[in-house]
Every structure is written in C-alpha cells, then in structure tokens.
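Each chain, letter by letter, is given below.
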Amino acid sequence: MTPYYDHAGITIYHGDCREILPSLAEVEMLLTDPVWPNCATILQGADRAGELFHEMWSWLNKPKRAAIQIGCDTDPRFLSCVTLPFFRVCWLELARPHYKGRLMYGSDVAYLYGEPPPSRPGNHVISGRFIDSDSSGKQADHPCPRKIGHVQWLISKWSAETDAILDPFMGSGTTLRAAKDIGRKAIGIEIEERYCEIAAKRMAQEVLPLSDVD
Ligand SMILES: C[S@@+](CC[C@H](N)C(=O)[O-])C[C@H]1O[C@@H](n2cnc3c(N)ncnc32)[C@H](O)[C@@H]1O
C-alpha cells in the first residue's frame, strides 16, 4: 500500500481505516478523535459513527495504550468496545469557552486506556487537566479540528518516548503535527483526500521541536 505522505517518521494513508489497518504493523499508542454519534457536522461515517468506531477497533493490532478525544457534549457510551483497561478521564480546557444553546462548552475530554507509559522525571503522576492557552480561534481547514496544544499534552502524558502513534481518523492531521513536534513517530489514516492534503502541508511546516508539555 502506497502512503499519501511519508517523511521523517510521519506517514499518512488516504483511505478507509477499516481497509488499511489490517496491513499495518503494530503501533504502541492509539490517539484519535473519532467521528462521534449525533455528529451534526458533515463528516463521512456520521450516520453510523458508533458502528464505525467498533469496526475500527476490531481491526487494531493490539496497542498498549489509547487516548480517545471527544467533546464534552458527546455521549461516551460508543467507546464500550475498547478492550484495554480504563485509566482515567482528562479535561482539556479551552482558553475561551463558548455556548451551544444551554450548554457552556468549556472543554473537550479524553479517555485514557491501557498501560501507563514508563515513569520519567516530570511525568510520574498522570494529571487530568490541561488548559490550552491559544485563544486566537485559529483553526485548521477542517470542520472540527482539535486544539494542537491539547493533543501535544496528551502525547506527552500518555506515550513513551519510543511509541509510534496511530490516528485512524486523522482529519487535518492535528495528531500527526503534535507527534512530530514532540518527536514521536506517527501514522494517520483519512478517508477524504482533501484532508490528507491539508495534513501533508501541515507536516511540511517547520517548527522548533517541543520537549514534553507540562
Ligand atoms: C472528528 S474528525 C478528526 C479531526 C482531527 N482530529 C483534526 O484535528 O483535524 C474525524 C475524521 O475521520 C474521517 N473519517 C470518517 N470515516 C473514516 C474512515 N472510515 N476511515 C478513515 N477516516 C475516516 C473524517 O473524514 C474526519 O475527517
């Protein structure tokens, strides 16, 4: 299978993750923001998001750990197929909350599963709250991109330095960009070619590598 992009430890595949996952080698960590049930945004797979997530999970090659990122207004019960032990929930707070009808949207959440990464200085205790300081509202060109600061923090807290990270619902490549910034290898899969193109462009932008995020 030919990657859409492959450079410096970052690989992007264009296609359906359920078709691509069976041919991938093992990765240590899954980090994804899947299509969610009751998704009002126009995303492929939104009509049967729960089934899509279950099918994706059934093709995974036994990661050691997983971080699954969803909105604070997403019903998490579609994650019941995750077979790794549950570790904790994390609150990924926004610098600027907003309203959705009666709901104050102040954070995304992430569910951590599996084996904690080895303890290292500054990362023995896995805390559960991070506030993104970017209040600019600047977004990648995707209907629902996650905050890069949140994803960088998740990677630093929940991966080992040697882990390769997989995002089977890559979108505009926020996970891959964050992995690259922190010095982790990563693989992304995305069904829409236009988002693969955006992600590949984001990989080409050079920034100074970050160390782990506290
Ligand atoms: C919630 S979005 C991820 C957004 C991403 N976190 C970002 O920051 O841009 C989920 C993505 O999964 C993609 N998708 C839907 N079905 C898919 C499938 N079967 N295989 C791979 N990608 C899929 C959608 O096109 C969408 O871009």
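Asker: Describe in detail the overall build of the protein chain, supporting the description with residues and values.
Answerer: If you tally the helices and strands in the protein chain, you get 5 helices and 9 strands. In the protein chain, the succession of α and β elements from N to C terminus is β-β-α-β-α-β-β-β-β-α-β-α-β-α. Rg of the C-alpha trace for the protein chain: 16 Å, near the compact-globule value of 17 Å for 214 residues, within the 12% margin. Across its three principal directions, the C-alpha atoms of the protein chain cover 45 × 45 × 35 Å. Burial statistics for the protein chain: of 214 residues in total, 40% are counted as buried. Taking the contacts inside the protein chain whose residues are at least 6 apart along the sequence as the reference set, 71% of them involve residues at least 24 apart.

Asker: Give a detailed account of the environment of P22, specifying residues and quantitative values.
Answerer: Mapped onto the secondary structure, P22 falls in the loop between α1 (17-20) and β3 (29-32). In sequence terms P22 and L60 are 38 residues apart; their C-alpha atoms lie 7.3 Å from each other.

Asker: With reference to specific residues and values, describe the pairing of strand β4 (residues 65-71).
Answerer: The buried count for β4 comes to 6 of 7 residues, which makes it a mostly enclosed element. Bridging between β3 and β4 involves 4 bridges; their strand directions are parallel. Along β4, the bridge assignment pairs L30 with A66. Note that the unit made of β3, helix α2 (residues 49-59) and β4 has a crossover that is right-handed. Looking at chain direction, β4 and strand β6 (residues 103-114) are connected through 7 bridges and run antiparallel. Within the sheet, the bridge partner assigned to A67 lies in β6 and is L112.

Conventions used here
- Residues numbered from 1 in each chain as written.
- Predicted model: local features only at pLDDT ≥ 70, side-chain atom pairs only at ≥ 80, totals over all residues.
- Helix = DSSP H or I, 4+ residues; strand = E, 2+ residues; numbered from the N terminus.
- Rg over C-alpha atoms; globule rule 2.2 N^0.38 Å.
- Buried ≥ 20, exposed ≤ 12 C-beta atoms within 10 Å, placed from the backbone.
- Contact = placed C-beta atoms within 7 Å.
- Pairing = 2+ DSSP bridges.
- Right-handed = clockwise from strand over helix to strand, strands pointing away.

Function cannot be inferred from these measures alone, as they are strictly geometric.
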